[in-house]
Amino acid sequence: MPGHTDNEIVIAAPLDLVWEITNDLENWPQLFSEYASVEVLERDGDSVRFRLTMHPDENGQVWSWVSERTTDRASLAVRARRVEPGPFEFMDIRWEYAEVPAGTKMRWVQDFAMKPTAPVDDEGMVNHINRNSRIQMQLIREKVEKKAAEL
């Protein structure tokens, strides 16, 4: 059965600032703790194809893949998918943003399936993504709220 995750966080900052910072791909290595580099391969309007490379994992393995991402500012949503799925049969990601009384709610929804040859199964990846999403969202919240306080 395919994996599904749904994580959200409220950031005490204006929606425009959260949108701007979290959709600045070239800055992702400074925003996320897991990414070593981002290489933009192609831009076409609101869509971008890019290569993400992670820092080595606990076994020294460096994971890298190409994804496509399309921002839709009018609907406050972003859709992404892995073009080079690596250990995934597929990986589809949706980011959603909403203004809430305490600031901006940012939500990440991921739907995927692991290949039979992957180092983890769907359930294992659900657990990993949920754990890591909480860590990354907390880091992003701290960085964006710090930037908002400076403005």
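I will try to describe carefully the structure that is included in this document. The structure presented is a predicted model; accordingly, all values stated were derived computationally and were not measured.

**Focus on the pairing of strand β3 (residues 47-54)**
Direction of pairing for strand β2 (residues 35-44) relative to β3: antiparallel, over a ladder of eight bridges. Bridging from a neighbouring strand, Arg43 pairs with Val48 of β3. Count of turn residues in the β2/β3 antiparallel hairpin: two residues, of which Gly45 carries a positive phi of about 65 degrees. As paired strands, β3 and strand β4 (residues 64-72) are joined by seven bridges and run antiparallel to one another. Bridge pairing in β4 places Arg49 opposite Glu68.

**Focus on the nonpolar core**
Ranked by internal contacts, the top residues of the largest apolar core, which has 27 residues, are Ile11, Trp28, Phe32, Tyr97, Met106, Ile140 and Val144. Those elements that provide at least two residues to this core are β1 (3-11), α1 (15-22), α2 (28-31), β2, β3, β6 (88-100), β7 (103-114) and α3 (122-150). The leading source of residues in this core is α1, at five residues. Beyond its immediate sequence surroundings of up to four residues, Ile140 is in contact with Ile11, Thr22, Leu31, Phe32, Met106 and Trp108. If you look at the next biggest cluster of nonpolar residues, it comprises eight residues, including Met91, Phe112, Met125 and Ile129.

**Re the packing of aromatic side chains**
In the structure shown here, the tally under the stated rule is ten aromatic pairs. Taken together, a centroid distance of 6.0 Å and an interplanar angle of 25 degrees make the contact between Phe32 and Trp108 stacked. With Phe32 in the loop between α2 and β2 and Trp108 in strand β7, this residue pair connects regions lying 76 residues apart in the sequence. What makes Phe32 buried here is its relative accessible area of 3%.

Cut-offs used in this document
Residues numbered from 1 in each chain as written. Predicted model: local features only at pLDDT ≥ 70, side-chain atom pairs only at ≥ 80, totals over all residues. Heavy atoms only, no water. Pairing = 2+ DSSP bridges. Helix = DSSP H or I, 4+ residues; strand = E, 2+ residues; numbered from the N terminus. Core = buried A, V, L, I, M, F, W, Y, C linked by side-chain atoms within 4.5 Å. Buried < 20%, exposed > 50% of the residue type's maximum accessible area, 1.4 Å probe, protein only. Contact = heavy atoms within 4.5 Å. Phe/Tyr/Trp six-rings, centres within 6.5 Å; stacked < 30°, edge-to-face > 60°.

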